[in-house]
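Survey of secondary and tertiary structure
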Amino acid sequence: EPPSQKALELGNTQPGDGFRYRGGGLSHITGRYNFRAVGGKTGIALEADPDQITRPDVAALASAQFWIDHNLNAYADAGSFLTLSRVINLGNPSSSAMPNGMDDRVLLWTSCRSALGITS
(Lines give C-alpha, C1' and ligand atoms only; values in the text may rest on other atoms or scores of the structure.)
Protein backbone atom coordinates (compact mmCIF):
# COMPACT_ATOMS: atom_id res chain seq x y z
CA GLU A 1 0.00 0.00 0.00
CA PRO A 2 1.49 3.41 -0.94
CA PRO A 3 2.15 6.02 1.78
CA SER A 4 -0.68 8.45 2.57
CA GLN A 5 -0.49 12.11 1.59
CA LYS A 6 0.23 13.08 5.22
CA ALA A 7 3.01 10.48 5.42
CA LEU A 8 4.58 11.90 2.27
CA GLU A 9 4.31 15.45 3.65
CA LEU A 10 6.27 14.27 6.69
CA GLY A 11 8.87 12.57 4.50
CA ASN A 12 7.79 9.11 5.63
CA THR A 13 8.43 6.99 2.56
CA GLN A 14 9.48 3.63 3.99
CA PRO A 15 7.36 1.06 5.83
CA GLY A 16 7.67 1.75 9.56
CA ASP A 17 8.66 5.41 9.17
CA GLY A 18 5.50 6.64 10.91
CA PHE A 19 6.42 4.79 14.09
CA ARG A 20 10.16 5.33 13.77
CA TYR A 21 9.81 9.11 13.35
CA ARG A 22 6.88 9.56 15.73
CA GLY A 23 6.60 12.71 17.83
CA GLY A 24 9.67 13.23 19.95
CA GLY A 25 11.36 15.96 21.88
CA LEU A 26 9.63 18.65 23.89
CA SER A 27 7.62 19.88 20.90
CA HIS A 28 7.00 16.43 19.43
CA ILE A 29 8.94 16.76 16.21
CA THR A 30 7.34 14.28 13.80
CA GLY A 31 8.32 12.70 10.48
CA ARG A 32 11.49 11.60 8.73
CA TYR A 33 11.85 14.97 6.97
CA ASN A 34 11.72 16.93 10.24
CA PHE A 35 14.12 14.55 11.99
CA ARG A 36 16.54 15.02 9.06
CA ALA A 37 16.14 18.81 9.02
CA VAL A 38 16.51 19.31 12.77
CA GLY A 39 19.32 16.78 12.92
CA GLY A 40 21.20 18.56 10.16
CA LYS A 41 20.94 21.90 11.92
CA THR A 42 21.92 20.56 15.35
CA GLY A 43 24.62 18.18 14.14
CA ILE A 44 22.81 15.17 15.62
CA ALA A 45 22.13 12.19 13.32
CA LEU A 46 18.42 12.03 14.19
CA GLU A 47 17.35 10.51 10.90
CA ALA A 48 19.84 7.66 11.28
CA ASP A 49 19.07 7.16 14.98
CA PRO A 50 15.70 8.74 15.84
CA ASP A 51 15.64 7.22 19.34
CA GLN A 52 18.20 9.86 20.35
CA ILE A 53 15.24 12.27 20.62
CA THR A 54 14.34 10.57 23.92
CA ARG A 55 17.54 11.85 25.57
CA PRO A 56 16.77 15.02 27.56
CA ASP A 57 19.67 16.99 26.06
CA VAL A 58 18.75 16.04 22.48
CA ALA A 59 15.04 16.62 23.12
CA ALA A 60 15.76 20.12 24.42
CA LEU A 61 18.18 20.96 21.61
CA ALA A 62 15.84 19.66 18.90
CA SER A 63 12.90 21.57 20.34
CA ALA A 64 14.96 24.76 20.64
CA GLN A 65 15.90 24.39 16.98
CA PHE A 66 12.22 23.95 16.06
CA TRP A 67 11.40 27.07 18.10
CA ILE A 68 14.07 29.09 16.25
CA ASP A 69 13.14 27.72 12.81
CA HIS A 70 9.51 28.75 13.28
CA ASN A 71 10.22 32.14 14.89
CA LEU A 72 8.10 31.18 17.87
CA ASN A 73 9.48 34.01 20.03
CA ALA A 74 7.40 36.43 17.96
CA TYR A 75 4.17 34.68 19.00
CA ALA A 76 5.32 34.18 22.59
CA ASP A 77 6.41 37.81 22.95
CA ALA A 78 3.06 38.97 21.55
CA GLY A 79 1.26 36.78 24.09
CA SER A 80 -0.46 34.92 21.27
CA PHE A 81 -0.65 31.51 22.91
CA LEU A 82 -3.32 30.21 20.52
CA THR A 83 -1.24 31.14 17.46
CA LEU A 84 1.89 29.67 19.04
CA SER A 85 -0.03 26.45 19.70
CA ARG A 86 -1.33 26.40 16.13
CA VAL A 87 2.23 26.60 14.76
CA ILE A 88 3.46 23.81 17.02
CA ASN A 89 0.47 21.49 16.73
CA LEU A 90 -1.00 22.29 13.31
CA GLY A 91 2.02 23.70 11.48
CA ASN A 92 0.09 26.82 10.46
CA PRO A 93 -0.27 30.06 12.43
CA SER A 94 -3.19 31.12 10.23
CA SER A 95 -5.23 27.97 10.78
CA SER A 96 -8.70 28.40 12.20
CA ALA A 97 -8.62 24.88 13.67
CA MET A 98 -8.22 24.36 17.39
CA PRO A 99 -4.95 22.62 18.33
CA ASN A 100 -5.21 19.21 19.99
CA GLY A 101 -5.51 19.40 23.76
CA MET A 102 -5.89 23.18 23.82
CA ASP A 103 -7.86 23.18 27.09
CA ASP A 104 -5.05 21.28 28.83
CA ARG A 105 -2.45 23.59 27.23
CA VAL A 106 -4.23 26.67 28.58
CA LEU A 107 -4.46 25.17 32.09
CA LEU A 108 -0.75 24.34 32.07
CA TRP A 109 0.14 27.75 30.59
CA THR A 110 -1.91 29.51 33.28
CA SER A 111 -0.34 27.41 36.02
CA CYS A 112 3.19 28.11 34.77
CA ARG A 113 2.51 31.85 34.47
CA SER A 114 1.15 31.87 38.02
CA ALA A 115 4.15 29.94 39.36
CA LEU A 116 6.47 32.48 37.71
CA GLY A 117 4.49 35.43 39.08
CA ILE A 118 3.38 36.61 35.63
CA THR A 119 0.03 38.35 35.88
CA SER A 120 -0.36 40.18 32.59
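None of these values were measured; they are calculated from a predicted model. (Residues numbered from 1 in each chain as written. Predicted model: local features only at pLDDT ≥ 70, side-chain atom pairs only at ≥ 80, totals over all residues. Heavy atoms only, no water.)

Remarks on unusual backbone geometry
- Not every positive phi belongs to a glycine, and His28 is a case in point at roughly 55°.
- In the Ramachandran plot, Asn71 falls in the positive-phi region, its phi being about 50° despite a non-glycine side chain.
- Residue placement: Asn71 occurs in the loop between helix 4 (56–69) and helix 5 (72–77). (Helix = DSSP H or I, 4+ residues; strand = E, 2+ residues; numbered from the N terminus.)

Some remarks on the layout of surface pockets
- Looking at the largest pocket, its volume works out to about 440 Å³.
- What lines the largest pocket is a set of 17 residues, and nearest its centre among them are Leu10, Asn34, Ile88, Asn89 and Gly91.
- Of all the secondary-structure elements, those providing two or more residues to the lining of the largest pocket are helix 1 (5–9), helix 3 (32–42) and helix 6 (81–90).
- Along the lines of polarity and charge, the residues of the lining of the largest pocket split into 7 nonpolar, 8 polar and 2 charged.
- Taken as a whole, the second largest pocket spans an internal volume of roughly 300 Å³.
- What lines the second largest pocket is a set of 13 residues, among which Leu26, Ser27, Trp67, Ile88 and Arg105 lie closest to the centre.
- Listed by contribution, the elements that provide at least two residues to the lining of the second largest pocket are helix 4, helix 6 and helix 7 (102–115).
- Tallying contributions element by element places helix 6 first for the lining of the second largest pocket, with 5 residues.
- Here the lining of the second largest pocket is built from residues that sort into 7 nonpolar, 5 polar and 1 charged. (1 Å grid on protein atoms, 1.4 Å probe; cavity = no way out; pocket = protein on both sides within 12 Å on 5 of 7 lines; lining within 4 Å. Points joined across faces, edges and corners; volume = space filled by probe spheres on them. Nonpolar A, V, L, I, M, F, W, Y, C, P; charged D, E, K, R; others polar.)

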